[in-house]
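Coordinates in review
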Amino acid sequence: TLVLYSDIIFELKILEKIMNSKEDISIAIDMNWEKNYEGRTEHPKSEAENVGIDNNMDIIRIKKNIENINNNVGEFLGIIKFTNKGSEIFIKKYEKLVNNNTGLFHESPSILKAYVTDMIQELIDSNIKIKPILVSGKWCEIDTIQDLKNAEKIFCF
């Protein structure tokens, strides 16, 4: 199963790289993400969904505004790949949480109002391996007219 945020566009090589992952759950991460925010005044860097990676290339944190001390923080593109087993893991965990969790859930007021990044963090905290797929190349998120104009510059000749 491939889950894509609906406000991103990207070149085919990014999709091919994540589709080649054999891990049960994989997410696309751009470690050179900060360049995408240069001149982007209507959607600040503080809105980026960051991913912290340790020295073993394991994801340790996913949320907005992770401090980038050792160049160990990337941006989650909004692309997730699940194998059948990965989908089962995700669904079982979510169903258990819906039935048992009350109150705050990571960065959200409740499990029912959670973002997918909250669920990814829950899996990480539960020692479920989420494989970072480091991507580079043309991609962008389109949240504003300014973003749309930038996307046109990147993808149109």
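Check the entry above for the structure.
Residues numbered from 1 in each chain as written. Predicted model: local features only at pLDDT ≥ 70, side-chain atom pairs only at ≥ 80, totals over all residues. Heavy atoms only, no water.

**Side note on the packing of helix H2 (residues 84-100) against helix H3 (residues 116-125)**
Where H2 contacts H3, the axes come no closer than 11 Å and their chain directions differ by 100°. The orientation of H2 relative to H3 falls into the category roughly perpendicular. Each of Ile-89, Phe-90, Lys-93, Tyr-94 and Leu-97 in H2 lies in contact with H3, whose residues at this interface are Met-119, Glu-122 and Leu-123. (Axes fitted to C-alpha atoms, helices over the stretch in contact; angles between N-to-C directions. Helix = DSSP H or I, 4+ residues; strand = E, 2+ residues; numbered from the N terminus. Parallel < 35°, antiparallel > 145°, perpendicular 65-115°, else oblique. Contact = heavy atoms within 4.5 Å.)

**Here we look at the environment of Ala-114**
Position of Ala-114 relative to the elements: it lies in the loop between H2 and H3. Separated by 32 residues in the primary sequence, Ala-114 and Gln-146 have C-alpha atoms spaced 28 Å apart. If sequence neighbours within four positions are ignored, Ala-114 has contacts with Phe-105 and Ser-108.

**Digging into the side chain of Asn-50**
Counting through the fold element by element, Asn-50 comes out in strand S4 (residues 49-53). A polar atom in the side chain of Asn-50 sits 3.4 Å from the backbone oxygen of Gly-74. If we ignore the near neighbours within four places in the chain, the residues touching Asn-50 are Trp-33, Arg-61, Ile-62, Lys-63, Lys-64, Asn-65, Ile-66, Val-73, Gly-74 and Glu-75. (Polar contact = N/O pair within 3.5 Å; in protein donor to acceptor, adjacent residues only side chain to side chain.)

**Observations concerning the side chain of Asp-30**
Within the secondary structure, Asp-30 is located in strand S3 (residues 25-30). Buried charge without a partner: Asp-30 forms no salt bridge, and the closest opposite charge is Lys-35, 4.2 Å away. At a separation of 2.7 Å, a polar atom in the side chain of Asp-30 contacts the side chain of Trp-139. The residues contacting Asp-30, other than those within four sequence positions of it, are Lys-35, Asn-36, Gly-74, Glu-75, Leu-77, Val-135 and Trp-139. (Buried < 20%, exposed > 50% of the residue type's maximum accessible area, 1.4 Å probe, protein only. Lys, Arg positive; Asp, Glu negative; His and termini not counted. Salt bridge = Lys/Arg side-chain N within 4 Å of Asp/Glu carboxyl O.)

**Concerning the pattern of salt bridges**
Under the criterion given, the structure shown has ten salt bridges. The residue Arg-61 makes a salt bridge to Glu-107 at a minimum N-O spacing of 3.4 Å. Of this pair, Arg-61 sits in strand S5 (residues 59-64) while Glu-107 sits in the loop between H2 and H3, placing them 46 residues apart in sequence. On the basis of relative accessibility, which here comes to 28%, the residue Arg-61 falls in the partly exposed class. Salt bridges here are not isolated pairs; linked through shared partners, they connect Arg-40, Glu-141, Asp-143 and Asp-147.

**Here we look at the state of the cysteines**
Per the counting criterion, the structure on display carries zero disulfides. Free cysteine Cys-140: the closest other cysteine sulfur is in Cys-156, separated by 10.0 Å. Take Cys-156: its relative accessible area is 48%, and that puts it in the partly exposed class. (Disulfide = S-S within 2.5 Å.)

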